[in-house]
Amino acid sequence: MKKLNEAEISKKLEKLEGWEYLENSLQTQFEFENFKETFSIMTRIAFEAEAQAHHPEWTNVYNTLSISLSTHDVGGVTEKDFALAKAIEAIISTE
């Protein structure tokens, strides 16, 4: 998997609302109604991440979910990160 450069990342981020390139990773944050809804979404994302064999770094505090995506094998952002970010957006948009 090829590490994307900043220009490639910026171009792809134009099509991914709410995500930023920070600290060598794609990052976003979501806020839900309560902990139960947040944990439910996290569970759905976990199944998708496992299916893609690509796992997020994330934190959850009550109704807030913060996600960071990078491909550790190459030390930066790859197509795998954008694929997972798009899948996460699809999961959240169905809620």
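Basis of the calculations
Residues numbered from 1 in each chain as written. Predicted model: local features only at pLDDT ≥ 70, side-chain atom pairs only at ≥ 80, totals over all residues. Heavy atoms only, no water. Helix = DSSP H or I, 4+ residues; strand = E, 2+ residues; numbered from the N terminus. Buried < 20%, exposed > 50% of the residue type's maximum accessible area, 1.4 Å probe, protein only. Lys, Arg positive; Asp, Glu negative; His and termini not counted. Charge placed at Lys NZ, Arg CZ, Asp CG, Glu CD. Contact = heavy atoms within 4.5 Å. Salt bridge = Lys/Arg side-chain N within 4 Å of Asp/Glu carboxyl O. Polar contact = N/O pair within 3.5 Å; in protein donor to acceptor, adjacent residues only side chain to side chain. Core = buried A, V, L, I, M, F, W, Y, C linked by side-chain atoms within 4.5 Å. Phe/Tyr/Trp six-rings, centres within 6.5 Å; stacked < 30°, edge-to-face > 60°. Lys NZ or Arg CZ within 6 Å of the ring centre and 35° of its normal. Axes fitted to C-alpha atoms, helices over the stretch in contact; angles between N-to-C directions. Left-handed = near helix turned anticlockwise from the far one by under 90°. Nonpolar A, V, L, I, M, F, W, Y, C, P; charged D, E, K, R; others polar.

Chemist: Help me get a handle on the overall build of the protein chain, residues and values and all.
Modeler: Within the protein chain one finds three helices and four strands. Overall, the protein chain is about 35 × 25 × 20 Å in size when its C-alpha atoms are taken along their principal axes. When burial is assessed residue by residue, the protein chain has 39% of its 95 residues classed as buried. For the protein chain, the centre of its 9 positive side-chain charges and the centre of its 17 negative side-chain charges are spaced 7 Å apart.

Chemist: Residue-level account of the environment of Gly-75, with values.
Modeler: By the element assignment, Gly-75 lies in the loop between strand E4 (64–69) and helix H3 (79–93). Under the relative-accessibility criterion, Gly-75 is labelled partly exposed at 37%. Sequence spacing of Gly-75 and Ile-91 is 16 residues, and the spatial spacing of their C-alpha atoms is 26 Å. Excluding anything up to four places from it in sequence, Gly-75 contacts Lys-3 and Asn-24.

Chemist: So, the side chain of Asp-81: which residues are in play, and what are the values?
Modeler: Inspection of the secondary structure assignment puts Asp-81 in helix H3. The side chain of Asp-81 is buried and forms no salt bridge, while Lys-80, the nearest opposite charge, is found at 7.9 Å. In this structure the side chain of Asp-81 is engaged in a polar contact, spanning 2.6 Å, whose partner is the side chain of His-54. Filtering out sequence-adjacent residues up to four positions away, Asp-81 remains in contact with Leu-26, His-54, Leu-69, Ser-70, Thr-71 and Gly-76.

Chemist: Summarise the nonpolar core; cite the residues concerned and give the values.
Modeler: Core analysis: the largest hydrophobic core is formed by 22 residues, its most contacted members being Trp-19, Leu-26, Ile-67, Leu-69, Phe-82 and Ile-88. Among the elements of the structure, helix H1 (6–13), strand E2 (25–31), helix H2 (35–52), E4 and H3 are those that each provide at least two residues to this core. Counting residues per element, this core draws most heavily on H3, at six residues. Apart from residues no more than four positions distant in its own chain, Trp-19 is found in contact with Leu-13, Leu-26, Gln-27, Thr-28, Ile-67, Leu-69, Ala-85, Ile-88 and Glu-89.

Chemist: So what's going on with the packing of aromatic side chains? Residues and values would help.
Modeler: In total, this model carries two aromatic pairs according to the counting rule given. Looking at Lys-12, its charged tip hangs above the ring of Phe-82, at a distance of 5.8 Å from the centre.

Chemist: Mind laying out the packing of H2 against H3, listing which residues take part and the relevant values?
Modeler: One can describe the packing of H2 onto H3 by two numbers: an axis separation of 10 Å at closest approach and a directional angle of 145°. Relative to H3, H2 is oriented so that their crossing is right-handed. Contacts between H2 and H3 involve Ile-41, Arg-44, Ile-45, Glu-48, Ala-49 and Gln-52 from the former and Lys-80, Ala-83, Leu-84, Ala-87, Ile-88, Ile-91 and Ile-92 from the latter. Its residues assigned to classes, the contact of H2 with H3 comprises nine nonpolar, one polar and three charged.

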